[in-house]
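Residue-level listing of the chains:
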2 protein chains.
Amino acid sequence: MLYLIGLGLSDETDITVKGLDVVRKASRVYLEAYTSILLVDKSILETYYGRDVILADREMVEFASEDILDNAQTEDVAFLVVGDPFGATTHTDLVLRARSLKIPIQTIPNASIMSAIGATGLQLYNFGQTVSMVFFTKTWKPTSFYDRIKENRDIGLHTLVLLDIKVKEQSYENMARGRKIYEPPRYMTVGQCAQQMLEIEEIKKAEGAGGVYDEESLAIGAARVGGKTEKFVSGTLKQLCEADEELGGPLQSLVLLGRRTHELEIDYAREFAVDREGWDRIWKRDYDAK
Amino acid sequence: MLYLIGLGLSDETDITVKGLDVVRKASRVYLEAYTSILLVDKSILETYYGRDVILADREMVEFASEDILDNAQTEDVAFLVVGDPFGATTHTDLVLRARSLKIPIQTIPNASIMSAIGATGLQLYNFGQTVSMVFFTKTWKPTSFYDRIKENRDIGLHTLVLLDIKVKEQSYENMARGRKIYEPPRYMTVGQCAQQMLEIEEIKKAEGAGGVYDEESLAIGAARVGGKTEKFVSGTLKQLCEADEELGGPLQSLVLLGRRTHELEIDYAREFAVDREGWDRIWKRDYDAK
């Protein structure tokens, strides 16, 4: 059996009891370690499980899945995924390959940022499609997120923006020389995300489009959702550009509010506001009953 | 401390290790029992936790929250919610009241149907807003879900439809006579949902609107997601009207596909199709590259 097991969002005790039982009995335990991270190291998981954990990076999952699936027709293999196994990243490929090898599959769900973001006080019913924000470079500033946000905002919905992480990335030089030397991991902050959003809005405006959001659009920054040091900061996009210090370390996400925001949602998120008076004023001006 | 603890979707072992530790130590343990259900009885939870569990119905949470929050400034109170505490139902009111009483609050997230539905193989990025379907009566057929589905379909997105449950409902007669006698619980099936969706499409069409979906629109029925008896059936809305026997017992949900459906999603869901040939044919005709 191939078990896809969600680890939740924060530390080693966020696994479910059901998931932990499987991990302790499985023949091999893999940890998917390139699309998200827990807030604790692999060694802590290994001590807690009493098991060796094999890190499965993108190369292994995409090009050496036969190793992962080896003998899973008869043995139990645990494939651990931060969050929910079918949350932000689906491992559809791995499952399709397992199916073609007649390997039975069981999923053990867990919290995903895509539902845990409800801890901001925003109603999940009021969210549109989720988007991802990648680290811009000087020459690469993909704007597809902007069109998706426009679609959500046109119908008044919130947008969850998931922020890029770079784990086990090679520099161009090291890649060109075939050296398996990796850069230190990087995690996008809410401030970087808000800045990139405003940058694209400026570019779109200069092109005669734009107007999807602006510096005074309301948003919530979320850090380490579900963990003991969980932290929310609400304010305008402009304010969130400066909120990194208050939010602290990774992982972070951002929610851009839609105009359908309910008064109860605003009340709830006022608690975290950089500037409560401004929060209320902008809500009344741009959102309330619009 | 008030702990809001997600129980996950299926049985007593879906609680996280962190959540279980809190339950075992808390002064009082409440179970929110009116917006969703686990697939096991309260007595099984009590045995597993080694604790008494107090059922918190809607009346208690809305009108007697002071009992729940009593002394939570200094004692630990566990409030258990099926799924994620901030998933489909947010307990914003309870948290706002706790805040006003200076009670510290901690959330322990868990799987929610709103992310676990990814087990259908559909990408969560391709979902628009989630809608709810209530049991129609002869005189009450609310159609707000239809407008929301239209918004999602206009931009090509999938829609998760959450199905009504009726727990601890009184008949009109018993309510009028003030008798606290409750009807047996009812859980909407995928078949009932698909029928109600098609009924409203007919009504809208007769009014000169309509055309949001039809009998041949592709959808996936999901039952007991995350449980050992998890079951998916994919097909047209017409086919899903007849799929209740195959899907089995509650809880169930339905996903209506959007035209942005990716080939990998279709491949994944073909596995569950009532009629694989028809599934592929309709996908090619109405969805592929549309």
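The name given to chain A in an unreviewed UniProt entry is Diphthine methyl ester synthase, and the organism recorded there is Mollisia scopiformis. If you open the UniProt record of chain A and go to Pathway (unreviewed entry), you find "Protein modification; peptidyl-diphthamide biosynthesis." On record in UniProt, under Sequence similarities (unreviewed entry), the comment for chain A is "Belongs to the diphthine synthase family."

Peer 1: Help me get a handle on the domain arrangement of chain A, residues and values and all.
Peer 2: All names here are of chain A. Split by domain assignment, chain A resolves into domain 1 (2-111) and domain 2 (114-287). Centre-to-centre separation of domain 1 and domain 2, based on C-alpha positions: 28 Å. Facing the twelve residues of domain 1 at the interface are 15 residues of domain 2. Between domain 1 and domain 2, roughly 960 Å² of surface is buried when both sides are summed, and carbon and sulfur atoms account for 63% of that area. A per-residue breakdown of the area domain 1 buries against domain 2 is headed by L9, I37 and L39, which together make up 40% of the total. Counting every contact that joins domain 1 to domain 2 gives one salt bridge. Residue K180 is joined to E59 by a salt bridge in which the shortest nitrogen-to-oxygen separation is 3.2 Å. Taken together, the connections running from domain 1 to domain 2 amount to one residue pair in polar contact (both at pLDDT 80 or more).

Peer 1: I'd like a rundown of the relation of the copies chain B and chain A, residues and numbers included.
Peer 2: Turning chain B through 180° and shifting it by 0.0 Å along the axis lays it on chain A, with an RMSD of 0.0 Å. The transformation just described matches what one would write down for a two-fold rotation axis. The fraction of interface residues of chain B whose copies in chain A are also interface residues reaches 100%, indicating that both copies meet through the same surface.

Peer 1: Account for the interface of chain B and chain A, naming residues and giving values.
Peer 2: Listed by partner, the interface residues are 54 residues for chain B and 54 residues for chain A. Summed over both sides, the interface between chain B and chain A buries roughly 4,500 Å², with carbon and sulfur atoms accounting for 56% of that surface. Taken together, the connections running from chain B to chain A amount to eight salt bridges. Here R260 of chain A and E151 of chain B are joined by a salt bridge, their closest N and O atoms 2.7 Å apart. Between chain B and chain A we count 19 residue pairs in polar contact (both at pLDDT 80 or more) in total. Listed by contribution, the elements that provide at least two residues to the side of chain B that touches chain A are α1 (17-25), α5 (92-100), β5 (105-108), α6 (113-116), β6 (131-133), α7 (144-154) and α12 (263-270) of chain B. Considering only residue class, the side of chain B that touches chain A consists of 24 nonpolar, 18 polar and twelve charged.

Peer 1: Can you lay out the sheet that holds strand β10 (residues 218-223) of chain A for me, pointing to particular residues and giving the numbers?
Peer 2: Residues and elements named next belong to chain A. Spatial strand order, β6-β7-β12-β10-β11: five strands in an open sheet with mixed pairing. Two strands close off the open sheet at either side, each with one partner strand: β6 (131-133) and β11 (231-236). Pairwise comparison of adjacent strand axes, ignoring direction, gives a mean angle of 25° for this sheet. Across the sheet, helix α7 (residues 144-154) is in contact with β6, β7 (159-163) and β12 (252-256); its angle to β6 comes to roughly 145°.

Peer 1: Go over the UniProt feature "binding site: S-adenosyl-L-methionine" (unreviewed entry) in chain A with me, naming the residues and quoting the values.
Peer 2: All names here are of chain A. The feature "binding site: S-adenosyl-L-methionine" (unreviewed entry), as given by UniProt, occupies L9, D84, G87, S112, I113, L163, V225 and Q252 in the numbering adopted here. Counting through the fold element by element, L163 comes out in strand β7. Judged by its relative accessible area of 11%, L163 is buried. Setting aside residues no more than four positions away along its own chain, L163 makes contact with M133, M188, T189, V190, C193, Q252 and S253.

Peer 1: Account for the pairing of strand β1 (residues 2-6) of chain A, with residues named and values stated.
Peer 2: Two faces make up the sheet, and in a regular strand the side chains alternate between them. All names here are of chain A. With respect to burial, β1 is a largely interior element, five of its five residues being buried. Side-chain alternation along β1 places L2, L4 and G6 on one buried face and Y3 and I5 on a second face that is also buried. Two elements, β1 and strand β5 (residues 105-108), share four bridges in a ladder whose sense is parallel. Its bridge partner being in β5, L4 is matched across the sheet by T107.

Peer 1: I'd like a rundown of the sheet that holds β5 of chain B, residues and numbers included.
Peer 2: Residue and element names in this part refer to chain B. Strand order in the open sheet formed by five strands is β3-β2-β4-β1-β5, with parallel pairing between adjacent strands. With partners counted over all chains shown, the strands left at the sheet margins are β3 (54-56) and β5, one partner each. The average undirected angle you get between the axes of adjacent strands in this sheet is 25°. Two elements, strand β2 (residues 28-32) and β3, share three bridges in a ladder whose sense is parallel. Paired with L31 across the strands is L55, a residue of β3. Sheet contacts for α1: β1 (2-6), β2, β4 (77-81) and β5; angle to β1, the most-contacted strand, approximately 135°.

Conventions used here
Residues numbered from 1 in each chain as written. Chains lettered and ligands numbered in written order. Predicted model: local features only at pLDDT ≥ 70, side-chain atom pairs only at ≥ 80, totals over all residues. Heavy atoms only, no water. UniProt positions renumbered as here; feature names shortened; annotations may be inferred. Domains from an automatic or database assignment. Contact = heavy atoms within 4.5 Å. Buried area = accessible area lost by both parts, 1.4 Å probe. Salt bridge = Lys/Arg side-chain N within 4 Å of Asp/Glu carboxyl O. Polar contact = N/O pair within 3.5 Å; in protein donor to acceptor, adjacent residues only side chain to side chain. Least-squares fit on C-alpha atoms with pLDDT ≥ 70 in both. Helix = DSSP H or I, 4+ residues; strand = E, 2+ residues; numbered from the N terminus. Nonpolar A, V, L, I, M, F, W, Y, C, P; charged D, E, K, R; others polar. Pairing = 2+ DSSP bridges. Axes fitted to C-alpha atoms, helices over the stretch in contact; angles between N-to-C directions. Buried < 20%, exposed > 50% of the residue type's maximum accessible area, 1.4 Å probe, protein only.

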